[in-house]
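# Examination of the molecular architecture
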Amino acid sequence: MSPGLEVVRAGALTTVQDEGRTGWAHLGVPRAGALDGPARRLANRLVGNAPDAAVLETTLTGCAVRVTGTRSVLAVVGGAGCRVTVDGRPVAWGAPVRVPGGAVLEAGPAVRGVRGYLAFAGGLVPEPVLGSRSTDLLSGLGPPVLSEGDLLPLGPAGPAPPAVDAVPWPGVPAELVLPLYPGPRDSWFTEAALRTLTTAVYRVSERSNRIGLRTEGPALRRARAGELPSEGMLLGAVQVPPDGLPVVFLNDHPTTGGYPVVGVVAEAALAGAAQAVPGASVRFVRA
């Protein structure tokens with residue numbers, strides 16, 4: 001019997017994620033995909049998967065899954081730091097572990113960071129939708145958010161990867177610094193507001209999610225009133241709704257929007273946004 005996974009504890013928000021479904025924005029389909037791409041790719045590398053293999057993405061509280069079948073599975077838990085156990089026995093975080101058939105692998109609550117990544121040799125292989133196995137919270141495409149009792153198939157494992165002595169997992173920054181390219185609608189804001197954006201300290205709001213990192217701090221005042229016709233939105237766009245508080249669009253963001261975009265954060269910096277805990281400091285700096 002080929003191994004698979006049974007969800008024992010789903011956690012607050014656990015989803016299947018790969019690289020996302022790019023190339024469909026013109027039809028209104030968001031990108032989705034793992035918020036912390038580097039963490040997902042490293043986890044896959046450690047279990048011998050291709051970089052784009054699907055993994056589990058957890059949010060703050062972790063999850064627990066049982067390996068079905070009789071064969072063992074090579075797995076790794078990375079991303080947000082947490083306690084990792086197999087049938088209650090502590091095992092290494094951030095390094096490959098062998099999980100026997102029938103055993104439960106548990107990633108505990110995050111002790112640093114927000115989003116954890118559980119990769120399994122062979123990768124998760126639920127039915128793809130528009131070329132991706134990613135769960136999209138905004139459109140509802142892809143596998144549903146995990147619930148207890150769900151069964152997830154695994155693909156065939158490749159050759160065992162070579163052993164490593166140390167793994168370069170990135171740390172979680174105490175302060176999130178986001179390089180910002182101004183525009184396209186920075187002219188909709190006062191000069192004072194633009195100075196505030198790049199000099200003030202914001203905080204990560206607890207209302208943040210996979211759609212966007214919401215901030216708390218000084219509101220940005222507009223230089224002009226009125227409404228903006230809906231236009232295309234990019235990953236990393238910093239949209240400013242009527243309350244004046246910047247929202248950094250993440251992978252499940254809408255493909256269009258009518259609030260002005262004051263700038264766009266460099267995509268390479270968004271992995272840090274995926275791991276920024278509520279209350280963490282955020283600074284926008286000119287790229």
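See the structure above.
In what follows, the accompanying structure is described.

Next up on the list: the overall build of the protein chain. In terms of helices and strands, the protein chain carries three helices and 18 strands. Against the compact-globule benchmark of 19 Å for 287 residues, the protein chain has a radius of gyration of 20 Å, which places it among compact chains. Projecting the C-alpha coordinates of the protein chain onto the three principal axes gives extents of approximately 65 × 40 × 30 Å. By residue count, 49% of the 287 residues in the protein chain fall in the buried class. Long-range pairs, those at least 24 residues apart, make up 76% of the contacts in the protein chain between residues at least 6 apart in sequence.

For the rest of this paragraph, the subject is the state of the cysteines. One pass over the full model with this rule turns up zero disulfides. Between Cys82, a free cysteine, and Cys63, which holds the nearest cysteine sulfur, the sulfur-to-sulfur gap is 8.9 Å.

Here Arg21 shows up in the loop between strand E2 (15-17) and helix H1 (37-46). The buried charged residue Arg21 lacks any salt bridge partner; its closest oppositely charged side chain belongs to Asp136, at an N-O distance of 4.8 Å. In this structure the side chain of Arg21 is engaged in a polar contact, spanning 3.0 Å, whose partner is the backbone oxygen of Val129.

Once that is clear, we can look at the environment of Trp24. On the secondary structure map, Trp24 appears in the loop between E2 and H1. For Trp24, a relative accessible area of 28% corresponds to the partly exposed category. A C-alpha to C-alpha distance of 9.4 Å links Trp24 and Thr255, two positions 231 residues apart in sequence. With residues up to four places along the chain from it excluded, the contact list for Trp24 reads Val29 and Leu130.

Taken in spatial order, the seven strands close into a barrel running E10-E17-E14-E15-E12-E11-E18, and their pairing is mixed. With direction set aside, neighbouring strand axes in the sheet form an average angle of 40 degrees. In the sheet, strand E14 (residues 237-239) pairs with strand E15 (residues 247-249) via two bridges, with the strands oriented antiparallel. Opposite Gln239, over in E15, you have Val247 as the bridge partner. Sheet strands in contact with helix H2 (residues 191-199) are strand E10 (175-182), strand E11 (202-204), strand E17 (261-265) and strand E18 (281-286), and its direction is about 120 degrees off that of E18.

The tally for this structure, following the rule as stated, stands at eight salt bridges. A salt bridge links Glu106 to Arg9, with the nearest nitrogen and oxygen atoms 2.9 Å apart. In this pair, Glu106 is assigned in strand E8 (residues 104-120) and Arg9 in strand E1 (residues 4-9), connecting sequence segments 97 residues apart. Residue Arg9 is classed as partly exposed on the basis of its relative accessible area of 23%. Several salt bridges share partner residues, and in doing so they unite Glu57, Arg210 and Asp252 into one network.

With that settled, the discussion passes to the pairing of E18. One ladder, built from six bridges, connects E10 with E18; its direction is parallel. Within the sheet, the bridge partner assigned to Leu178 lies in E18 and is Phe284.

Below, the discussion takes up the packing of aromatic side chains. Following the criterion strictly, the structure yields two aromatic pairs and no others. Here the aromatic rings of Trp93 and Trp169 are separated by 5.6 Å at their centres, their planes lie at 45 degrees, and the arrangement is tilted. Placement of the pair is Trp93 in the loop between strand E6 (89-91) and strand E7 (97-99) and Trp169 in the loop between strand E9 (151-153) and E10, with a sequence separation of 76 residues. Look at Trp93 and you get partly exposed, because its relative accessible area is 23%. Between Tyr202 and Phe284, the aromatic rings sit 6.0 Å apart at their centres with planes inclined by 75 degrees, giving edge-to-face as the arrangement. Of the two residues, Tyr202 sits in strand E11 while Phe284 sits in strand E18, which places them 82 residues apart along the sequence. By relative accessible area, Tyr202 is classed as buried at 0%.

Two faces belong to every sheet, and in a regular strand the side chains alternate between them. With respect to burial, E17 is a largely interior element, five of its five residues being buried. One ladder, built from three bridges, connects E10 with E17; its direction is antiparallel. Opposite Pro182, over in E17, you have Gly263 as the bridge partner. In terms of strand pairing, E14 meets E17 through three bridges, oriented antiparallel. Bridge pairing in E17 links Gln239 to Val261.

Attention now moves to the nonpolar core. Formed by 43 residues in total, the largest nonpolar core has its most connected members in Leu178, Phe189, Leu213, Val248, Val265 and Phe284. Sorting elements by how many residues they give to this core places H1 first, with four residues. For Phe284, the contacting residues outside a window of four places in its chain are Leu178, Leu180, Leu197, Thr198, Tyr202, Val238, Pro246, Val248 and Val265. Counting residues in each nonpolar core, the second largest holds 26 residues, with Leu5, Val16, Val97 and Leu118 among its members.

About the criteria used
Residues numbered from 1 in each chain as written. Predicted model: local features only at pLDDT ≥ 70, side-chain atom pairs only at ≥ 80, totals over all residues. Heavy atoms only, no water. Helix = DSSP H or I, 4+ residues; strand = E, 2+ residues; numbered from the N terminus. Rg over C-alpha atoms; globule rule 2.2 N^0.38 Å. Buried < 20%, exposed > 50% of the residue type's maximum accessible area, 1.4 Å probe, protein only. Contact = heavy atoms within 4.5 Å. Disulfide = S-S within 2.5 Å. Lys, Arg positive; Asp, Glu negative; His and termini not counted. Salt bridge = Lys/Arg side-chain N within 4 Å of Asp/Glu carboxyl O. Polar contact = N/O pair within 3.5 Å; in protein donor to acceptor, adjacent residues only side chain to side chain. Pairing = 2+ DSSP bridges. Axes fitted to C-alpha atoms, helices over the stretch in contact; angles between N-to-C directions. Phe/Tyr/Trp six-rings, centres within 6.5 Å; stacked < 30°, edge-to-face > 60°. Core = buried A, V, L, I, M, F, W, Y, C linked by side-chain atoms within 4.5 Å.

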